[in-house]
Amino acid sequence: MIRTLASALALYSIWLLLSGMFVPFLLAAGFCCAIAIKLFSRRLNAIAEETEVLELNWVKLVAYYPWLIKETVLAAWDVSKRILNPRLPISPALVEFAPSQKTDLGLVIHANSITLTPGTISVEVEHGRFLVHALTEEGALSLAGSEMDRRCAELEVV
Amino acid sequence: MNMLIDILSGVFLAGGAFFCLVGSIGLIRMPDFYTRMQAASVTETLGAGLMLIGLILHAGLTLVAAKLAIMGLLILLASPTSSHALAKAALMSGLKPLLGPRGSKKEVPPSKP
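It should be emphasised that the depicted structure is a prediction, and the values quoted were computed from it without experimental measurement.

**Q** Would you take a moment to explain the overall build of chain A for this structure?
**A** Secondary structure summary: chain A contains six helices and three strands in total. Moving toward the C terminus, one meets the helices and strands of chain A in the order α-α-α-β-α-β-β-α-α. A compact globule built from 158 residues should have a C-alpha radius of gyration of about 15 Å, whereas chain A, at 21 Å, is more than 25% larger. Here the C-alpha coordinates of chain A stretch approximately 60 × 40 × 30 Å along the principal axes. By residue count, 28% of the 158 residues in chain A fall in the buried class.

**Q** I would appreciate a short explanation of the nonpolar core in the present structure.
**A** One recurring pattern in soluble globular proteins is that nonpolar side chains are buried together. By size, the foremost hydrophobic cluster in this structure holds 37 residues, and its most contacted members are Val132(A) and Val42(B). Every element with two or more residues in this core is listed here: helix 3 (58-84), helix 4 (104-116), strand 2 (120-126) and strand 3 (129-134) of chain A together with helix 1 (2-29), helix 2 (33-59) and helix 3 (63-92) of chain B. In terms of residue count, helix 2 of chain B provides more of this core than any other element does, 13 residues in total.

**Q** Looking at this structure, how should I read the domain arrangement of chain A?
**A** Frequently, the measure chosen for interface size is the accessible area removed from exposure when the parts meet. Partitioning chain A into domains gives domain 1 (2-44) and domain 2 (58-155). The distance between the C-alpha centroids of domain 1 of chain A and domain 2 of chain A comes to 37 Å.

**Q** Explain the interface of chain A and chain B to me, please; I cannot follow it from the model alone.
**A** With 28 residues of chain A at the interface, the matching set in chain B holds 31 residues. For the side of chain A that touches chain B, the elements supplying multiple residues, two or more each, are helix 1 (2-19), helix 3, strand 1 (93-97), helix 4 and strand 2 of chain A. Examining the composition of the side of chain A that touches chain B, we find that seven residues originate from one element, helix 3 of chain A, more than from any other. Of the residues assigned to the side of chain A that touches chain B, the class counts are 18 nonpolar, nine polar and one charged.

**Q** It is not clear to me how the sheet that holds strand 2 of chain A should be interpreted in this structure. Could you clarify?
**A** The strands that make up a sheet are held in pairs by hydrogen bonds between backbone atoms, and each pair lies either parallel or antiparallel. Pairing in this open sheet of three strands is antiparallel, and the strands run 1-3-2 (chain A) from one edge to the other. Pairing within the sheet leaves two strands with one partner each, and these edge strands are strand 1 and strand 2 of chain A. The mean inter-strand angle of the sheet, taken between neighbouring strand axes irrespective of direction, is 20 degrees. Relative to strand 3 of chain A, strand 2 of chain A is paired through six bridges, and the arrangement is antiparallel. Paired with Val125(A) across the strands is Phe130(A), a residue of strand 3 of chain A. The sheet strands contacting helix 3 of chain B are strand 2 and strand 3 of chain A, and the helix crosses strand 2 of chain A at an angle near 75 degrees.

What counts and how
Residues numbered from 1 in each chain as written. Chains lettered and ligands numbered in written order. Predicted model: local features only at pLDDT ≥ 70, side-chain atom pairs only at ≥ 80, totals over all residues. Helix = DSSP H or I, 4+ residues; strand = E, 2+ residues; numbered from the N terminus. Rg over C-alpha atoms; globule rule 2.2 N^0.38 Å. Buried ≥ 20, exposed ≤ 12 C-beta atoms within 10 Å, placed from the backbone. Core = buried A, V, L, I, M, F, W, Y, C linked by C-beta atoms within 7 Å. Domains from an automatic or database assignment. Contact = placed C-beta atoms within 7 Å. Nonpolar A, V, L, I, M, F, W, Y, C, P; charged D, E, K, R; others polar. Pairing = 2+ DSSP bridges. Axes fitted to C-alpha atoms, helices over the stretch in contact; angles between N-to-C directions.

As structure tokens, then:
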């Protein structure tokens, strides 16, 4: 019950943020919409019963994002240089390696971060096995036991 | 001060446009599907990111800036997910990636789409 109310409230605050018009009609309409969506999604059972609470090391997560953005910018710069180089110096590789995360959430964050970084795309994601396509061989070889792997593992609460 | 912010946001917008262009050039130059996706990710990270920063600077501390920030967050979460789904679907339907350094004997020809 508390969770239902909390998520309806979250939906309502998103409505307020996106609408930005605080006239009574729209405020009331938003409130009704939030309640209706909540009821529909319950009926559709869209939100699974065992909804997991996001258990993460939030302090580490706050530090993780700036680092990830920095890495992304550096990787994007590297890929841009390769694109603009007339010789197109790429050596695509498919590489398989074992990530060190234990939880689903940790694996998802790691796989998402790999894909976000230009030059690498995670193709298959399973427990203990990632299949990654990389634009260069160096990029492929640096994936296993990388700093990203270590940082993602630190985010987990086991 | 306003002038400074305008110039700064212009610089970010121009930078974003530049990286969108680079991503598009890469899309044309790259040899196969997977490497093209790699080029496209330049557009969706640096291209879109710099443009959003430029627009947020332009909007100032308004609701529009908050919406733009939400868009940035959405791109950060959704674009890798869709890239992953696309790459996985391609591999599962049997599209073999081109591997090895370019022009070498090791190079495997791309499979037919």
